Amino acid sequence: MFGCKQLSNKCKAWKKLTKHFKDVQKTEMKTLFKKDAQRAERYSINLDAMMLDYSKNRITDKTMAYLLELAKECKMSEKIEAMFKGEKINKTENRAVLHVALRNRENTPIYVDGKDVMPDVNAVLAKIRKFTDDVRLGKFLGYTGKKLTNIVNIGIGGSDLGPKMATEALKKYWAKDIKCYFISNIDGTACSEVLNKLNPEETLFIVCSKTFTTIETLTNAKTCRKWLVDALGEHAVSKHFVAVSTNAVEVAKFGIDTANMFEFWNFVGGRYSMWSAIGLSIALAVGMDNFEKMLDGAHEMDMHFKYTELSQNIPVILGLLSVWYNNFFNFHSTAIIPYDQYLQYLPAYLQQQIMESNGKFVTNSGELVNYCTSPIVFGGAGTDVQHSFFQLLHQGTEIVPCDIIVPAISHNEVGEHHEILLANALAQGEALMRGKSTREAYYEMCKAGKTKEEAEKLKKCKSFPGNRPTNTLIFKKIDPYALGMLIAMYEHKTFVEGIIWNINSFDQMGVELGKQMALSILPELQSNASGLGHDSSTTNLIKMIKRLRK
Ligand code: G6Q
């Protein structure tokens, strides 16, 4: 996109990139690989037991030099430092952004409004350890003396997606007798389907809500509370309900003893909160030692992000590549493909993390942007998705840069399954990059016995344009430490994009309007009242639904 006036006026590097793009837009990656035997090595970064290979991108040394110049012009290092220092970089909400404090394993002081936040962070971690140990060891029991083995997380958005993704990712580490469930959607089906499976005597509900005012979460929590009280009586509530929130007043109003409340703070955004007590379900499932290993992994990525020079900095490189595709090539979507069944919820988690953070149209200085911000994120676990949307990735007219995430070792090494999985992961990256010419397709078909006429007819359909970019992330195994690194990496990548686009990645005003309007439609559905001011479509839809529900 060449119309990026605000950025191009401001940044010399943007102008250079615009010009450079014209020179390289048609360059084929396979030619770059042929010319440079060291390309993979030069465009790879190792960090502990992970490696990012970004060599299959449409970049040259000049591209990287200009992108890094752009980062410097946008004051990348200063802005990263400001976040770690606890400055109020979430300007629209006047808040610090300190998910990094939640995993600040060196415990160095971090100040917000002159107060070191670390003692509070550590106190909550200690409280989580005590509680999770007690539940897992059967010291904290249900009302009738039974062990609490069903953990139900009630929350939505940031109070659901992180814990749900991480507990699934770490399923191999769950205590044998513990099972985790997640209720997020207001759809009564979500709640009913979970409750139908459970014995109230063995069930612990964690009501996760930063604000404790979210209608979905409170409605689900009320329904679950009633289910429990109907079975065990009012006195059972304190043994079966805990809350995670920043809002003690609302927690008490709801009827949960604040002694059973785990606190977190306004400097933790919802979608950045799985490292806080919002991760209680993760800690209950995998144990506090493993939860802390996840924090350790995230901290390693934090330190890498904070201290590594920009040219070797994994989140910085990933963020800059995303800008390169989004704003110069006009590739406006990205796919996340984990080749690990346990990471099946990662794409959904990252959809929120990336799109809620950077789906913005107003800059930090209050102007409307005239360039594209967040790409559209989708994805799914390989190899399943190879049999669905990969057709478009290989031959569609949209070009979708992908992240391919690969653990070298599986938690379930069954026969040759994992080697087949690995072969597929690597093959996709190579195929997307190399493609197949019509000539190759033609000769391949002739060799396989097709007539020349048939081969001629089919050669275009059987060809692949290639030159489609991928990043490959290799891990030894997705253990708690690696998961921490992976998630922190994406958090920081998102921040890097936000810095370049000059937007606030840490608010989410865009989810408000629909919520407000639902509140005004609800009474109309529940009574004879007819609301004013709807468009005729909405009015008709309300009428139709009321007729059907009579
Ligand atoms: C995340 C958002 C949003 C939030 C949910 C739930 O960054 O703020 O997804 O997590 O709306 O909010 P509560 O935790 O306040 O219920």
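This is a predicted model, so every value here is computed, not measured. (Residues numbered from 1 in each chain as written. Predicted model: local features only at pLDDT ≥ 70, side-chain atom pairs only at ≥ 80, totals over all residues. Heavy atoms only, no water.)

**Student:** Where do I start with the site of the ligand in this structure?
**Tutor:** Residues in close proximity to the ligand total 13 residues, the closest being S159, S209, T211, T214 and Q352. Between the ligand and S209, the relevant distance is 2.6 Å, taken from an oxygen atom to a side-chain nitrogen or oxygen of the residue. In this structure, an oxygen atom belonging to the ligand sits 2.5 Å away from a side-chain N or O atom of T214. Look at the ligand: alone it shows 400 Å² of surface, and the protein chains cover 88% of it. (Near = heavy atom within 4 Å. Polar contact = N/O pair within 3.5 Å; in protein donor to acceptor, adjacent residues only side chain to side chain. Areas by Shrake-Rupley, 256 points an atom, 1.4 Å probe, with all protein chains shown as cover.)

**Student:** Would you mind going over a positive patch on the surface with me for this structure?
**Tutor:** Among the surface-exposed residues, K10, K75, K79 and K91 lie close enough to one another that they form a single positively charged patch. Along the chain, the position of K91 falls in the loop between helix 6 (76-84) and helix 7 (99-102). (Patch = residues over 30% accessible without salt bridge, like charges linked within 9 Å, V, L, I, M, F, W, Y side chains within 5 Å. Salt bridge = Lys/Arg side-chain N within 4 Å of Asp/Glu carboxyl O. Lys, Arg positive; Asp, Glu negative; His and termini not counted. Charge placed at Lys NZ, Arg CZ, Asp CG, Glu CD. Helix = DSSP H or I, 4+ residues; strand = E, 2+ residues; numbered from the N terminus.)

**Student:** So what exactly am I meant to see when it comes to the packing of helix 2 (residues 12-24) against helix 5 (residues 61-73) here?
**Tutor:** Helices that pack against each other are described as a pair by the angle of their axes relative to one another and the distance between those axes. Across the interface, helix 2 lies against helix 5 with an axial gap of 8 Å and an inter-helix angle of 155°. By the angle between their directions, the pair helix 2 and helix 5 is classed as roughly antiparallel. The handedness of the crossing between helix 2 and helix 5 is left-handed. Of the residues in helix 5, those touching helix 2 at K12, A13, W14, K16, L17 and H20 are K62, T63, Y66, L67, E69, L70 and E73. The residue makeup of the contact of helix 2 with helix 5, split by class, is six nonpolar, two polar and five charged. (Axes fitted to C-alpha atoms, helices over the stretch in contact; angles between N-to-C directions. Parallel < 35°, antiparallel > 145°, perpendicular 65-115°, else oblique. Left-handed = near helix turned anticlockwise from the far one by under 90°. Contact = heavy atoms within 4.5 Å. Nonpolar A, V, L, I, M, F, W, Y, C, P; charged D, E, K, R; others polar.)

**Student:** Would you mind going over the pattern of salt bridges with me for this structure?
**Tutor:** Close approach of charged atoms lets side chains of opposite charge pair. If you walk through the whole model with that rule in mind, you get 28 salt bridges. Note that E292 is salt-bridged to R105, the shortest N-O span being 3.4 Å. Of this pair, E292 sits in helix 15 (residues 288-307) while R105 sits in the loop between helix 7 and strand 3 (111-112), and the two are 187 residues apart along the sequence. In this structure, R271 and E356 form a salt bridge, with 3.0 Å as the shortest nitrogen-oxygen distance. Here R271 is found in the loop between strand 9 (261-263) and helix 14 (280-286), whereas its partner E356 is found in helix 17 (residues 346-358), with 85 residues between them in sequence. Several salt bridges converge on common partners, so that one network encompasses R105, R129, D289, E292 and D296.

**Student:** Is there a simple way to think about the packing of helix 16 (residues 314-329) against helix 22 (residues 480-501) in this case?
**Tutor:** Where helix 16 contacts helix 22, the two axes come as close as 8 Å, and the packing angle between them is 50°. Accordingly, the angle class assigned to the pair helix 16 and helix 22 is oblique. Here the hand of the crossing between helix 16 and helix 22 comes out right-handed. Judged by residue contacts, I314, P315, V316, L318, G319, L320, S322, V323, N326 and N327 of helix 16 engage M489, H492, K493, V496, E497, I500 and W501 from helix 22. Here the contact of helix 16 with helix 22 is built from residues that sort into ten nonpolar, five polar and two charged.

**Student:** What exactly am I supposed to notice about the sheet that holds strand 1 (residues 44-47) here?
**Tutor:** Hydrogen bonds between backbone atoms are what pair the strands of a sheet, whose relative direction is either parallel or antiparallel. Spatial strand order, 1-2-13-12-10-11: six strands in an open sheet with mixed pairing. Among the strands making up the open sheet, the edge pair consists of strand 1 and strand 11 (376-379). Each strand axis lies, on average, 15° off the axis of its neighbour in the sheet, ignoring direction. Two elements, strand 10 (residues 333-338) and strand 12 (residues 402-407), share four bridges in a ladder whose sense is parallel. Across the sheet, the residue bridging to P338 is I405, located in strand 12. Packed onto the sheet, helix 17 meets strand 10, strand 11 and strand 12 and runs at close to 175° relative to strand 11. (Pairing = 2+ DSSP bridges.)

**Student:** Explanation requested: the sheet that holds strand 8 (residues 241-245) in the structure shown.
**Tutor:** Strand order in the open sheet formed by five strands is 6-5-7-8-9, and the pairing between neighbours is parallel. The open sheet has two free edges, formed respectively by strand 6 (179-183) and strand 9, since each of these has just one partner strand. The mean inter-strand angle of the sheet, taken between neighbouring strand axes irrespective of direction, is 20°. In terms of strand pairing, strand 8 meets strand 9 through three bridges, oriented parallel. Considered in strand 9, the bridge of A243 is made with M261. In the packing of helix 8 (residues 118-136) onto the sheet, contacts are made with strand 7 (203-208), strand 8 and strand 9, and the angle to strand 9 comes to roughly 145°. Strands in contact with helix 10 (residues 188-195) are strand 5 (150-154), strand 6 and strand 7; relative to strand 6, the strand with the most contacts, it is inclined by about 160°.

**Student:** Whenever I open this one, the nonpolar core confuses me. Can you help?
**Tutor:** In summary, soluble globular proteins display a tendency toward joint burial of nonpolar side chains. Of all hydrophobic cores here, the largest spans 126 residues; its most connected members are W324, L346 and L483. With 13 residues, the top contributor of residues to this core is helix 22. Contacts of W324, omitting those with residues within four sequence positions, involve L17, H20, F21, V24, R58, I59, T63, L67 and F329. Judged by nonpolar contacts, the second largest core, of 24 residues, contains V194, F205, C224 and F241. (Core = buried A, V, L, I, M, F, W, Y, C linked by side-chain atoms within 4.5 Å. Buried < 20%, exposed > 50% of the residue type's maximum accessible area, 1.4 Å probe, protein only.)

**Student:** Hey, could you run me through the side chain of N467 in this one?
**Tutor:** Relative to the helices and strands, N467 resides in the loop between helix 21 (452-458) and strand 13 (470-475). By relative accessible area, which is 6% here, N467 ends up buried. Contacts of N467, omitting those with residues within four sequence positions, involve K26, T27, E28, M29, R58, L432 and M433.

**Student:** What exactly am I supposed to notice about the pairing of strand 1 here?
**Tutor:** On any regular strand, side chains alternate: one points to one face of the sheet, the next to the other face. Where strand 1 lies against strand 2 (residues 50-53), four bridges are found, and the strand directions are antiparallel. Considered in strand 2, the bridge of N46 is made with M51.

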